[in-house]
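Reading the structure
Listed below, chain by chain, are the residues.
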Amino acid sequence: MFKVFEDRWPEEGELIVGRVSKVEGFGVFVDLEEYGDKKGLIHISEIASGWIKHIRDHVRENQRIVCKVLEVNPKRGRIELSLKDVNDHQRRERIQIWKNEQKSIKWLERIAEKLGDEKDEALNDVGMKLYDHFSGIYYGFEDALDRGERTFEDLDLDERYVKEIVDVARANIKIPSVKISGFVTLSCPGTGGVEIIKKALKGARGVTRRKDVTLEILYIGSPRYEIVVEAPNYKDAEAILKKSADKAIGYMVKNDGEGAFTRS
């Protein structure tokens, strides 16, 4: 297994992923797989808040857990950890980072196999360069999705790996997105009102041509329509949603109609 920090020690305050190797009455031993053969100890007082009757009610052997590093003493080979100091949000976030790193390691292994290179050599050369430069192997793949081969201009990487990393990123990483929606109420009395509403909605649909954005307008029931926007981030989604609603309402007002917008 590729060990990111085999010759290094974790830092105090860092959140790390480990595997429970042994449960004792006084605490829990944890294998820190990203740090070679190093082990950490969670004292029983750092397992959970309050009185603990049975440690195995909280952890079990081979369980993967997220811990906070309390103290590191390389001279004594000692790493003290806490389980109770990690909240649910931190745990989910750190596990996701760990899972992404495991995926990126497998991707590098496949690339090395495809190129006819030794997996371990590729991981400890290319993998460490990516980790040190991007603070994570996965982040190197993620940047490659956005910037292509330009991502590695400042890195001394074999061109074969550069091309393969970009190809793998494009095939396996989905650009993150957020989806939001809101409702417009459009009305126009008199003859021609239906056509005016249709043109207002057409204009609302055409406010963006970005390939990384989708904009849909759904008929809910006269005179109500839902505008649904999916974009790479919340700020862009909000701006496009507002622009679309304003476009529809503006057209209605100019043609003696009415319009209103409410956020869902």
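Before reading further, recall that the structure is shown in the block above.
Residues numbered from 1 in each chain as written. Predicted model: local features only at pLDDT ≥ 70, side-chain atom pairs only at ≥ 80, totals over all residues. Heavy atoms only, no water.

1. Brief notes about the overall build of the chain
- Within the chain one finds six helices and nine strands.
- Expected size for 264 residues packed as a compact globule is a radius of gyration near 18 Å; at 27 Å, the chain overshoots this value by more than 25%.
- C-alpha atoms of the chain, sized along the principal axes, occupy 85 × 55 × 25 Å.
- Buried positions account for 41% of the 264 residues belonging to the chain.
- If you sum the accessible surface of the chain, you get close to 15700 Å²; carbon and sulfur atoms cover 47% of it.
- Of the charged side chains in the chain, 46 are positive and 48 negative, and the gap between their average positions amounts to 6 Å. (Helix = DSSP H or I, 4+ residues; strand = E, 2+ residues; numbered from the N terminus. Rg over C-alpha atoms; globule rule 2.2 N^0.38 Å. Buried < 20%, exposed > 50% of the residue type's maximum accessible area, 1.4 Å probe, protein only. Areas by Shrake-Rupley, 256 points an atom, 1.4 Å probe, with all protein chains shown as cover. Lys, Arg positive; Asp, Glu negative; His and termini not counted. Charge placed at Lys NZ, Arg CZ, Asp CG, Glu CD.)

2. Examining the sheet that holds strand β6 (residues 178-187)
- Read from one edge of the open sheet, four strands run β7-β8-β6-β9, paired in antiparallel fashion. Both outer strands of the open sheet, β7 (214-221) and β9 (258-263), are each paired with one neighbouring strand and no more. The sheet shows a mean angle of 25 degrees between the axes of neighbouring strands, direction not considered.
- Where helix α5 (residues 193-205) meets the sheet, its contacts fall on β6, β7 and β8 (224-231), and the angle it forms with β7 comes to roughly 150 degrees.
- Across the sheet, helix α6 (residues 234-254) touches β6, β7, β8 and β9, and the angle it forms with β6 is around 10 degrees. (Pairing = 2+ DSSP bridges. Axes fitted to C-alpha atoms, helices over the stretch in contact; angles between N-to-C directions. Contact = heavy atoms within 4.5 Å.)

3. As for unusual backbone geometry
- The omega angle of the peptide bond from S222 to P223 is 5 degrees, so this bond is cis rather than trans.
- Examined against the element boundaries, P223 turns out to sit in the loop between β7 and β8.
- One non-glycine residue, N62, adopts positive backbone phi at about 70 degrees.
- Here D256, not a glycine, exhibits a phi torsion of approximately 65 degrees, which is positive.
- Mapped onto the fold, D256 is located in the loop between α6 and β9.

4. Some points on the pairing of strand β2 (residues 27-31)
- Among the five residues in β2, four count as buried, and that is most of the element.
- Direction of pairing for strand β1 (residues 15-23) relative to β2: antiparallel, over a ladder of four bridges. The partner of V20 across the bridge, within β2, is V30.
- Taken together, β1 and the strand that follows it, β2, pair antiparallel across an intervening segment of three residues.

5. Here we look at the environment of P223
- Residue classification places P223 among the partly exposed positions, given a relative accessible area of 32%.
- Each C-alpha atom, one on P223 and one on V184, is 8.2 Å from the other, the two residues being 39 residues apart in sequence.
- Here P223 is in contact with V184, T185 and L186, once residues within four sequence places are set aside.

6. Points about the pairing of β1
- For β1 and strand β4 (residues 64-73), the ladder comprises five bridges, and the chain directions are antiparallel. Across the sheet, the residue bridging to L15 is K68, located in β4.

7. Thoughts on the sheet that holds strand β5 (residues 78-82)
- Spatial ordering of the closed barrel is given by β1-β2-β3-β5-β4, a layout of five strands whose pairing is mixed. Sheet twist, expressed as the mean angle between neighbouring strand axes with direction ignored, is 50 degrees.
- Together, β1 and β4 form the strand contacts of helix α1 (residues 88-115), whose direction differs from that of β1 by roughly 95 degrees.

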